[in-house]
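Topology and contacts: notes
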Amino acid sequence: MDMINRFPFELRALPYAQSALEPFISAHTMSFHYAKHHQAYVTKANELIKGSPYEKETMLEILKKSKEQDQAIFNNTAQIFNHDFFWKSMKPSGGGVPQGDLGKKFFDSFASYEKFKEEFASAGIGQFGSGWVWLVSDGEKLRILKTGNADNPLTYGLKPLLTLDIWEHAYYLDYQNRRADFIKVFLDHLLNWDFAASNL
Ligand code: MN
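What counts and how
- Residues numbered from 1 in each chain as written.
- Predicted model: local features only at pLDDT ≥ 70, side-chain atom pairs only at ≥ 80, totals over all residues.
- Heavy atoms only, no water.
- Pairing = 2+ DSSP bridges.
- Helix = DSSP H or I, 4+ residues; strand = E, 2+ residues; numbered from the N terminus.
- Axes fitted to C-alpha atoms, helices over the stretch in contact; angles between N-to-C directions.
- Contact = heavy atoms within 4.5 Å.
- Phe/Tyr/Trp six-rings, centres within 6.5 Å; stacked < 30°, edge-to-face > 60°.
- Buried < 20%, exposed > 50% of the residue type's maximum accessible area, 1.4 Å probe, protein only.
- Domains from an automatic or database assignment.
- Buried area = accessible area lost by both parts, 1.4 Å probe.
- Salt bridge = Lys/Arg side-chain N within 4 Å of Asp/Glu carboxyl O.
- Polar contact = N/O pair within 3.5 Å; in protein donor to acceptor, adjacent residues only side chain to side chain.
- Nonpolar A, V, L, I, M, F, W, Y, C, P; charged D, E, K, R; others polar.
- Left-handed = near helix turned anticlockwise from the far one by under 90°.

Our next topic: the sheet that holds strand E1 (residues 131-137). Read from one edge to the other, the open sheet built from three strands follows the order E2-E1-E3, with strand pairing classed as antiparallel. Of all strands in the sheet, those bounded by a partner on one side alone are strand E2 (142-148) and strand E3 (159-165). When the angles between neighbouring strand axes are averaged without regard to direction, this sheet yields 25 degrees. One ladder, built from six bridges, connects E1 with E3; its direction is antiparallel. When the sheet's bridge partners are listed, Val 133 is paired in E3 with Leu 164.

Spelled out as structure tokens, the structure:
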């Protein structure tokens, strides 16, 4: 899996221009979400880790070791991974149905594409407060997982394939309180199945 592996962490370049996902996600939203929120997690994680025993660890080890005992380090470090993963989970003119090996696994796991979308949307709508919706592989099947706040599948031994950020900062400027509309747009127009296939 492609992760920033070592401290000090950096704000990775977006895989497209800030305006590339318009009209579904505005450049205005991206300018805050990427350049302010994502940047803040990078800055904070580096501040917290500097001079600590975590300095020498890989990102995955930091996540595993900090989860129970250093919540602030876990939260900020996980949010770096989550955002990098989220940007790549989208592309201009995305959406459609997964093909190839991924498609085979997908349709072994979900009764239909419509069922997948329903389940993904209801996980996102049902997440109380901030969090993430993931398509993950448990080795056998694909499934949908929702996590709260900064939590992600990495410490559960699950392999993430795609994710959607459902923190209000991800959609409020464009959709206000209409999280369901944002989830629908993500599923219909932005999903990057090539990225999901590369993670399988
Ligand atoms: Mn976010």
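Having seen it, we continue.
This part is about the side chain of Gln 127. Positionally, Gln 127 belongs in the loop between helix H5 (113-126) and E1. When neighbours within four sequence positions are excluded, Gln 127 is seen to be in contact with Lys 146, Thr 147, Gly 148, Ile 166 and Arg 179.

It is worth spelling out the environment of Pro 15 at this point. Within the element layout of this structure, Pro 15 appears in the segment before helix H1 (27-49). Sequence separation of Pro 15 and Trp 87 is 72 residues, and the distance between their C-alpha atoms is 7.1 Å. Excluding residues within four positions of it along the chain, Pro 15 makes contact with Trp 87 and Lys 88.

All told, the structure shown has 22 aromatic pairs when counted by the stated rule. Aromatic pair Phe 110 and Phe 116: ring centres 5.2 Å apart, planes at 65 degrees, arrangement edge-to-face. Their ring planes at 20 degrees and their centres at 5.9 Å tell us that Phe 120 and Phe 186 sit as a pair that is stacked. A residue pair is termed long-range when its members are at least 10 positions apart, and Phe 120 in helix H5 and Phe 186 in helix H7 (residues 179-190) qualify at 66 residues. Each member of the pair Phe 120 and Phe 186 is classed as buried.

All right, on to the domain arrangement of the protein chain then. Interface extent is often summarised as the accessible area lost during association of the parts. Domain boundaries assigned for the protein chain yield domain 1 (27-88) and domain 2 (100-199). Taken over C-alpha atoms, the centre of domain 1 sits 20 Å from the centre of domain 2. Opposite the 20 residues of domain 1 that make contact, domain 2 presents 25 residues. When the two sides are added together, the surface that domain 1 and domain 2 hide from each other amounts to roughly 1,900 Å², 68% of it contributed by carbon and sulfur. When the buried surface of domain 1 facing domain 2 is broken down by residue, Thr 29, Phe 85 and Phe 86 rank first, second and third, together holding 32% of it. Taken together, the links from domain 1 to domain 2 amount to one salt bridge. In this structure, the salt-bridge partner of Lys 67 is Asp 151, at a minimum N-O distance of 3.0 Å. Where domain 1 touches domain 2, the interface holds twelve residue pairs in polar contact (both at pLDDT 80 or more). Mapped onto the side of domain 1 that touches domain 2, the elements with two or more residues apiece are H1, helix H2 (59-66) and helix H3 (71-88). The greatest single-element share of the side of domain 1 that touches domain 2, amounting to ten residues, is contributed by H3. Broken down by class, the residue content of the side of domain 1 that touches domain 2 amounts to nine nonpolar, eight polar and three charged.

Quick look at the packing of H5 against H7 now. The N-to-C vectors of H5 and H7 enclose an angle of 145 degrees; their axes lie 10 Å apart at closest approach. Two packed elements cross with a definite hand, and for H5 against H7 that hand is right-handed. The residues of H7 that touch H5, namely those facing Tyr 113, Phe 116, Lys 117, Phe 120, Ala 121, Gly 124 and Ile 125, are Arg 179, Ala 180, Ile 183, Phe 186, Leu 187 and Asp 188. Per-class residue counts for the contact of H5 with H7 are nine nonpolar, one polar and three charged.

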